[in-house]
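# Residue-level structure breakdown
The chain contents come next:
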Amino acid sequence: MNLQNHKSLKSETAMLALNGLGKTFVGSVQPVVQDVAFSVEPGEIFALIGPSGCGKSTTLRMIAGFETPDNGTIVLEGRDITKAEPERRNIGIVFQDYALFPHLTVLDNVAFAIRDTEKKMRRKKAIKYLDMVGLTGYGDRYPDQLSGGQQQRVALARTFAATPKLILLDEPFSNLDAALRHSTRREIRELLKANGVGAIFVTHDQEEALSFADRVAVMRRGKIEQVGAPEEVYAQPKSAFVARFLGRTN
Ligand code: ADP
Ligand code: MG
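The rules behind these values
- Residues numbered from 1 in each chain as written.
- Chains lettered and ligands numbered in written order.
- Predicted model: local features only at pLDDT ≥ 70, side-chain atom pairs only at ≥ 80, totals over all residues.
- Heavy atoms only, no water.
- Helix = DSSP H or I, 4+ residues; strand = E, 2+ residues; numbered from the N terminus.
- Rg over C-alpha atoms; globule rule 2.2 N^0.38 Å.
- Contact = heavy atoms within 4.5 Å.
- Areas by Shrake-Rupley, 256 points an atom, 1.4 Å probe, with all protein chains shown as cover.
- Pairing = 2+ DSSP bridges.
- Axes fitted to C-alpha atoms, helices over the stretch in contact; angles between N-to-C directions.
- Near = heavy atom within 4 Å.
- Polar contact = N/O pair within 3.5 Å; in protein donor to acceptor, adjacent residues only side chain to side chain.
- Nonpolar A, V, L, I, M, F, W, Y, C, P; charged D, E, K, R; others polar.
- Parallel < 35°, antiparallel > 145°, perpendicular 65-115°, else oblique.
- Left-handed = near helix turned anticlockwise from the far one by under 90°.

## A few points about the overall build of the protein
The helix and strand inventory of the protein stands at nine helices and 10 strands. Computed over the C-alpha atoms, the radius of gyration of the protein is 19 Å, within 12% of the 18 Å expected from 2.2 N^0.38 for a compact globule of 250 residues. Summarising its shape, the C-alpha atoms of the protein cover approximately 55 × 45 × 40 Å along the three principal directions. The contacts in the protein between residues at least 6 apart in sequence include a share of 64% that link residues at least 24 apart. Just so you have it, the protein exposes about 12,600 Å², and 49% of that area is on carbon and sulfur atoms.

## With respect to the sheet that holds strand β4 (residues 71-76)
The four strands are arranged β2-β1-β4-β5 in an open sheet whose pairing can be described as antiparallel. A single partner strand is all that each edge strand has here, and the edge strands are β2 (33-40) and β5 (79-80). Alignment of strand β1 (residues 16-23) against β2, held across five bridges, turns out to be antiparallel. When the bridges of β2 are listed, L18 appears paired with F38. Contacts from helix α2 (residues 56-64) reach β1, β2 and β4 within the one sheet, and its direction differs from that of β1 by about 120°.

## Some remarks on the site of ligand 1
As a structural note, the neighbourhood of ligand 1 is formed by F25, V32, P51, S52, G53, C54, G55, K56, S57 and T58. Interatomic distance of 3.1 Å between a backbone N/O atom of G55 and an oxygen atom of ligand 1. Bound to the protein, ligand 1 loses 55% of the 570 Å² it would expose on its own. Its residues assigned to classes, the shell around ligand 1 comprises four nonpolar, five polar and one charged.

## As for the packing of helix α5 (residues 148-161) against helix α6 (residues 178-195)
The geometry of a pair of packed helices is captured by two quantities: the angle between their axes and the separation between those axes. Two elements in contact, α5 and α6, have axes whose closest approach is 11 Å; the angle formed by their N-to-C orientations is 15°. One element, α5, and the other, α6, form an angle in the roughly parallel class. Once α5 is placed against α6, the crossing between them reads as right-handed. Contact residues: α5 offers G149, R153, L156 and F160, while α6 offers L180, E187, I188, L191, L192 and N195.

Purely geometric stuff here, so don't read any function into it on its own.
Next up, the structure:
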């Protein structure tokens, strides 16, 4: 099989495909995101990494629908969602500041994301999602009565409760201390894999990406420098920038 065939085969099975995505903010000269193209396979955990300010969050926000690209397309399961409203994309998003409702209990925070009309059914399902993230019995508490790691898991339960096709995570562990970061990311990885839900995960922490993701894309100044399996990108960096960013000294 030649490379061309291989490429087209891949994009046919892709869950999400970005093509030539670009964004320049009003008032700035340089594009913040330029010609970004990659695809994510069903159930795949994909990391987008790069230094602060390189355009990772902007890329994620375009996928979520919070920013409109100037160029390019976003295709989810064969449907062009480039201009679709965020709530019609079937994409979940978890930010670093969990954004839970402080005046709602943990259970109600999760139930909020469930579309059933019947309250009893929403609560029943919310309990199931709390069990799933290891928070059985925490439903009656309020967010400020939980640790940072627990709040992050509530946010994840709420995201899962909306049954998205794809979950976007923007620096989700950066508010957690080192030990908690390790255990939380392992749990989240297991949850995603057990449920066959794909994820794009943004971080400036290369070590985290290399250990968490199935594939990584290294971004620099709005462009993708390299995409590949963690071991491949680490062993065969395409540029001095990639090598340096991944902490290789030679
Ligand atoms: P990253 O997540 O990789 O740190 P961002 O995507 O947040 O980077 O930002 C990339 C660049 O775009 C930065 O220089 C940032 O200041 C700029 N930027 C982000 N959002 C806006 C906006 N709404 N208006 C203008 N500039 C923005
Ligand atoms: Mg960011």
